[in-house]
Amino acid sequence: MRLFLLCLFLLLPAGQLLAADCAGCHDDRTPGIVDQWRQSAHARAGIGCADCHGEDHERILDGQVRVSATVCGRCHDREWRQHAASRHGLGLHSGWGCTRNLPGRDRNECAFCHRGGTALPVSTVNCARFLEQSSAMGQVGCNRCHQVENACGSCHGNHLTDLSIVRDPQVCAKCHMGPDHPQWEMWQTSQHGQLWRLKGEKVAPSCQGCHMPDGTHDVSGGIAHTPGGKSLADDLAPARREAMLDVCSRCHAASFVRRELERGDAVLAESRDLVEEAAELIEDLASRGLLRPMPEDRPPHPLRGKSLVLDGQMLYEDTSGIESLFFRLKKFAFAKTWKGAFHQNPAWAHWYGNAELKLLLEQIRSEADRLEHFATGEKAVSESQVDRTTSELDRLRREHERGRLDDAAYRKARTELLESWLKKDAP
Amino acid sequence: MRLFLLCLFLLLPAGQLLAADCAGCHDDRTPGIVDQWRQSAHARAGIGCADCHGEDHERILDGQVRVSATVCGRCHDREWRQHAASRHGLGLHSGWGCTRNLPGRDRNECAFCHRGGTALPVSTVNCARFLEQSSAMGQVGCNRCHQVENACGSCHGNHLTDLSIVRDPQVCAKCHMGPDHPQWEMWQTSQHGQLWRLKGEKVAPSCQGCHMPDGTHDVSGGIAHTPGGKSLADDLAPARREAMLDVCSRCHAASFVRRELERGDAVLAESRDLVEEAAELIEDLASRGLLRPMPEDRPPHPLRGKSLVLDGQMLYEDTSGIESLFFRLKKFAFAKTWKGAFHQNPAWAHWYGNAELKLLLEQIRSEADRLEHFATGEKAVSESQVDRTTSELDRLRREHERGRLDDAAYRKARTELLESWLKKDAP
Amino acid sequence: MRLFLLCLFLLLPAGQLLAADCAGCHDDRTPGIVDQWRQSAHARAGIGCADCHGEDHERILDGQVRVSATVCGRCHDREWRQHAASRHGLGLHSGWGCTRNLPGRDRNECAFCHRGGTALPVSTVNCARFLEQSSAMGQVGCNRCHQVENACGSCHGNHLTDLSIVRDPQVCAKCHMGPDHPQWEMWQTSQHGQLWRLKGEKVAPSCQGCHMPDGTHDVSGGIAHTPGGKSLADDLAPARREAMLDVCSRCHAASFVRRELERGDAVLAESRDLVEEAAELIEDLASRGLLRPMPEDRPPHPLRGKSLVLDGQMLYEDTSGIESLFFRLKKFAFAKTWKGAFHQNPAWAHWYGNAELKLLLEQIRSEADRLEHFATGEKAVSESQVDRTTSELDRLRREHERGRLDDAAYRKARTELLESWLKKDAP
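It should be emphasised that the depicted structure is a prediction, and the values quoted were computed from it without experimental measurement.

## Describing the overall build of chain A
Now for step 1: Helix and strand content of chain A: 23 helices and zero strands.
Now for step 2: Looking at chain A as a whole, 50% of its 427 residues qualify as buried.
Now for step 3: Intrachain contacts of chain A at a sequence separation of at least 6 include 58% that bridge at least 24 residues.
Now for step 4: Surface summary for chain A: the accessible area is close to 20100 Å², and the carbon and sulfur share equals 56%.

This is the structure:
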């Protein structure tokens, strides 16, 4: 009998024994968690507490042995590699990550984020906005989403790991929502979202349907742009676009798909021109020392010091009023415009995006007007007429460039403007 | 046998034969679409591809034979006529459509939008905001919703046409959402929306329950105002209001319904007064040449040329900072206030609507203050005291008009104000 | 036989007889309501129309005998007492209610809101924002939610009273949503909200799960702060926090719960510092007579007269542009920041909250800049350098206080700033 029990002991998976050990206390202390584990595929497969958490209870309590993606990757190697190679695997380094696929990038810079020639990220965070936050806000406001980089549980849950959870698009909503990337909101009221809700995946795609086709964890597969709307490098963008065309063509005619995605490209390009227009306006004010306050009179930017930062490392604090408006224009309205177009949501693309972007541009011009005349402090009416005429010429040129005015309309408007200027004042 | 087959051939609906022909390629090229059609009532009734698309594949590919509402109307004549007579049937002409039911309108102007004495719209678009957009934004941001005018598929879907889709209120959400008309959002968290979700149409109404009673496609049946909040003509508004009273009285006491709808009218009237207050402020600045820039110094409005436009044809671009604030006040906040009241949603009526409207009005006053003193450039403190006292008198008068001050409070406040003015300065 | 019928008559609950009387007309006039009552537990228990509405039909029509919470409390005494003792029971008096648990409060002030030593509120409303509204907006925008104080039907429904309605979290959404307290929105896309939707209350909590544990109607049980984010009195806050710890510990490890809630406290404290920074800026402008308009030049505040009001009684109308920005900062962005942290929603805590708060602070500084130089009207560049240096010192001090700069970083930044000032100008 003893021999039998000994064999039984040796044959029982170590995990289950240890799980029984943990459950002794944890059925009391964290009953919900133990309960969830018991229902999970891990329990059914004999994967117990120590298999993921280890056996050193002190180090667990101390937060020293977090169950990171590398732990899951011991068994789920393929998913871990797909994940690490995608944008999800570069979650908290997006300060660099946003720019990593730009054309002409110095490949030596990879070492800023990746360990020794691999795709695995180092632990240095390079997002200026994150570096500015307090510890508490950094944890609840930033890490809670960006931990996706290294915590499979952020989508899968920690103990329940029921696949029905990760197959529901609302799992993406925890992070992919909000003013800077409202994909959840956009998808929900789009035709896709409505039909999916009523008829399921056979009729319309969920997030997973388009972005994780066939369950791949490489969520970047069909994405041909950076999150900030820049094109990817020439050796990458076409393949990404082909991949997305394939996905859409599972339901739609190829010509229709091509047209729709190219329209998204057009919306992106036009909107990006408007963002650059706004940025140039602010850069011009800075070059003339007219921002209030100027960068040299503010706390330094955590990565760039005392300089004007309007790119992906832009802050939303310790800048100036006109830069606040620009932050909203670029980080919120621009994002909604082009991502709304790609998610086929007219209200988001047009009203929350395009209209908002243009309304903010007018408000930026007003604030620029105030700043321009602050320095002079004089009665500046005729001077401003000249200023505005010049910027009016620029505006016409840009509208022509982005296709809003055709050649004939452009020439006509330009002539009219110059003639009105000639009538009013001699420079 | 051959005779039998021949008769069978002749008896089979042409649609099915042609469908078989189309499916030969399209099962491969657009399998989702073919699949949806096969499940549809059209397929069961023998309506095949050619019945709607025609047989000329070249013209189909070229986009020359879109399946418009007139195609559906060949069989669904009643629904087509109801639809065309309603606001849904005037989707992209709302620049005129918003004003078509105003009192005293010159009926000859009907011809601007309608073909030869019918309710069918001509193809001229009269929305200035649409005319300003690039082709791409016009398609994805405007047409995608406004195609409702002439594409039954925009609600019904193109091939699946399952009635369960159009009977779910989320079908309306694709368009009736967003900052300018968030009916979906308002309904969702209202008592009606919550009860409908839990208990269904017998307990609380969906969008369709109130606005398409008994399945009518005339969605304007119970609507007594234009989308911009103006009253309809005297020969139209009472009938519309009675129709809505009937619908609400299916569940509620008639006296309750009347009170609720009249409260909505009151909220609309008060809020419209505030919008007019803001508009007058801007018109006054324009008349004194104080807008920066003035309309004559901007690109021309596509319908009105170089003039100030603050009505339904107002743009959100190429205006000025103060007009941007007004756009938000009128197009977004005002809409949320009164539509929130009619959709029985306190947070939308009050916080997203009323509070936002008043906050924006203060911001407009601040910007007006900046513009007013821009021209003078002098130390203008005492001058502004006089100006503000005058506008304070106006403000009191308006508050009295819209019922916020009763007679006694008005007389008291007015007297106090004039007395303080007399003490400070002689005009 | 007649005796039998008489006994039956006497034995039948009076409610049913009267219900039959009411239904005679109301089956026709308000069929939905009668239908709902018939399905309800009240009908099954023989509670009929007169039991709640009384028998005087004139007074009912006149609105004189509303079915208030005290009526329900006749039978549901425990729930009524729990409700009245909680914040739900002080719905429309929150002008005082927000401050009632502050430390050191004069207990005699209780009489402002409560009748004779009880927790039952008097009928005087003390919310300035409510007092400013028209009757129509006060009803639809304020009372519709704040009637929770005295109308059980506002959650339970008036006639259906099906418990499945109040056990669904969307019942809370009717009021607990919107820019000033978007708990519904926050919970929906949080981990809790997503898991609850897919797996139910056993896996994750609904609103009721955390805030009405075991069905208590004391919704304030686990709340350790006022709605405006101030700490409760020392004799109250610890017990409230313990109660919440208990609730969370039903699923989570106690140490995890404590950390999470203390992080919420930290986010609240830091954000409150920013709100105070903004308030001080405006108070400073007011003390120098620089607001446009000043409080003495505006309609009086309904409770405070002609004074600057930036606390819980702050208005969103008849103030000034800079106060409008502050209203949004405090009432909207600040609320979203800390409540988003406590509801475990990163996008709400960070983007809708924290980033918005800081963006608005920059806009407030810009408007302050305009106002500061309005009075002088001179070329004020060097003067502003000095001003801004001083406020820069203040800013560093605050950042140090709220933990964003540690001691070493603070000393370094402060030294650098003073040295740059010395180089530029002698005061």
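What follows continues from the structure just given.
## Overview of the interface of chain B and chain C
Now for step 1: Tallying the contact residues gives 54 residues for chain B and 57 residues for chain C.
Now for step 2: Taking both sides of the interface into account, the surface hidden between chain B and chain C amounts to around 4800 Å²; carbon and sulfur atoms contribute 54%.
Now for step 3: Of the charged contacts, one joins C:Arg144 and B:Glu260 as a salt bridge, the two residues approaching to 3.1 Å between their closest N and O atoms.
Now for step 4: Where chain B touches chain C, the interface holds 24 residue pairs in polar contact (both at pLDDT 80 or more).
Now for step 5: Residue assignment for the side of chain B that touches chain C shows that the elements contributing at least two residues are α16 (191–199), α19 (254–287), α20 (321–342), α21 (346–376) and α22 (381–401) of chain B.
Now for step 6: Per-element accounting of the side of chain B that touches chain C gives the leading share, 20 residues, to α21(B).

## Describing the relation of the copies chain C and chain A
Now for step 1: In screw terms, the move from chain C to chain A is a rotation of 120° and a rise of 0.0 Å along the axis, fitting with an RMSD of 0.1 Å. The operation mapping one copy onto its partner corresponds to a three-fold rotation axis.
Now for step 2: Of all interface residues in chain C, a mere 2% are interface residues in chain A too; the two copies therefore contact each other through different surfaces.

## Observations concerning the interface of chain C and chain A
Now for step 1: Opposite the 54 residues of chain C that make contact, chain A presents 56 residues.
Now for step 2: One can count 24 residue pairs in polar contact (both at pLDDT 80 or more) joining chain C with chain A.
Now for step 3: Of all the secondary structure elements, the ones that give two or more residues to the side of chain C that touches chain A are α16 (191–199), α19 (254–287), α20 (321–342), α21 (346–376) and α22 (381–401) of chain C.
Now for step 4: When residues of the side of chain C that touches chain A are assigned to their parent elements, the largest contribution, 20 residues, is made by α21(C).
Now for step 5: When grouped by side-chain class, the residues that make up the side of chain C that touches chain A number 17 nonpolar, 18 polar and 19 charged.

## With respect to the domain arrangement of chain A
All names here are of chain A.
Now for step 1: For chain A, the assigned domains read domain 1 (11–65), domain 2 (67–157) and domain 3 (257–425).
Now for step 2: With nine residues of domain 2 in contact, the opposing surface of domain 3 contributes 12 residues.
Now for step 3: For the pair domain 2 and domain 3, the summed buried surface comes to about 850 Å²; carbon and sulfur atoms form 50% of the total.
Now for step 4: When the buried area of domain 2 at its contact with domain 3 is split by residue, Ala128, Arg129 and Glu132 rank highest and sum to 69% of it.
Now for step 5: One can count zero salt bridges joining domain 2 with domain 3.
Now for step 6: Scanning the region where domain 2 abuts domain 3 turns up five residue pairs in polar contact (both at pLDDT 80 or more).
Now for step 7: If you list the elements that add at least two residues to the side of domain 2 that touches domain 3, you get α9 (94–97) and α10 (128–132).
Now for step 8: Of all the elements, α10 adds the most residues to the side of domain 2 that touches domain 3, at four residues.
Now for step 9: Split into classes, the residues belonging to the side of domain 2 that touches domain 3 amount to four nonpolar, three polar and two charged.

## A closer look at the relation of the copies chain B and chain C
Now for step 1: When chain B is fitted onto chain C, the two copies agree to an RMSD of 0.1 Å after a turn of 120° and an axial shift of 0.0 Å.
Now for step 2: Taken as a fraction of all interface residues of chain B, those also at the interface in chain C reach only 2%, which identifies the copy contact as different-surface.

## Digging into the packing of α19(B) against helix α11 (residues 135–146) of chain C
Now for step 1: Where α19(B) meets α11(C), the closest approach of the two axes is 8 Å, and the angle between their N-to-C directions is 110°. Between α19(B) and α11(C), the interaxial angle falls into the category roughly perpendicular. Counting all contacts with α19(B), which are made through B:Glu260, B:Arg263, B:Ala266, B:Val267 and B:Glu270, the residues of α11(C) involved are C:Ala136, C:Met137, C:Gln139, C:Val140 and C:Arg144.
Now for step 2: Of the residues assigned to the contact of α19(B) with α11(C), the class counts are five nonpolar, one polar and four charged.

## What about the pattern of salt bridges?
Now for step 1: Enumeration according to the criterion identifies 57 salt bridges over all chains in this entry.
Now for step 2: The closest approach of N and O atoms between C:Lys199 and A:Asp162, which form a salt bridge, is 2.3 Å. Of this pair, C:Lys199 sits in helix α16 while A:Asp162 is found in the loop between α12 (153–156) and α13 (163–166), placing the two residues in two different chains.
Now for step 3: Under the relative-accessibility criterion, C:Lys199 is labelled partly exposed at 29%.
Now for step 4: Of the residues examined, A:Asp162 reaches a relative accessible area of 25% and is grouped as partly exposed.

Parameters at a glance
- Residues numbered from 1 in each chain as written.
- Chains lettered and ligands numbered in written order.
- Predicted model: local features only at pLDDT ≥ 70, side-chain atom pairs only at ≥ 80, totals over all residues.
- Heavy atoms only, no water.
- Helix = DSSP H or I, 4+ residues; strand = E, 2+ residues; numbered from the N terminus.
- Buried < 20%, exposed > 50% of the residue type's maximum accessible area, 1.4 Å probe, protein only.
- Contact = heavy atoms within 4.5 Å.
- Areas by Shrake-Rupley, 256 points an atom, 1.4 Å probe, with all protein chains shown as cover.
- Buried area = accessible area lost by both parts, 1.4 Å probe.
- Salt bridge = Lys/Arg side-chain N within 4 Å of Asp/Glu carboxyl O.
- Polar contact = N/O pair within 3.5 Å; in protein donor to acceptor, adjacent residues only side chain to side chain.
- Least-squares fit on C-alpha atoms with pLDDT ≥ 70 in both.
- Nonpolar A, V, L, I, M, F, W, Y, C, P; charged D, E, K, R; others polar.
- Domains from an automatic or database assignment.
- Axes fitted to C-alpha atoms, helices over the stretch in contact; angles between N-to-C directions.
- Parallel < 35°, antiparallel > 145°, perpendicular 65-115°, else oblique.

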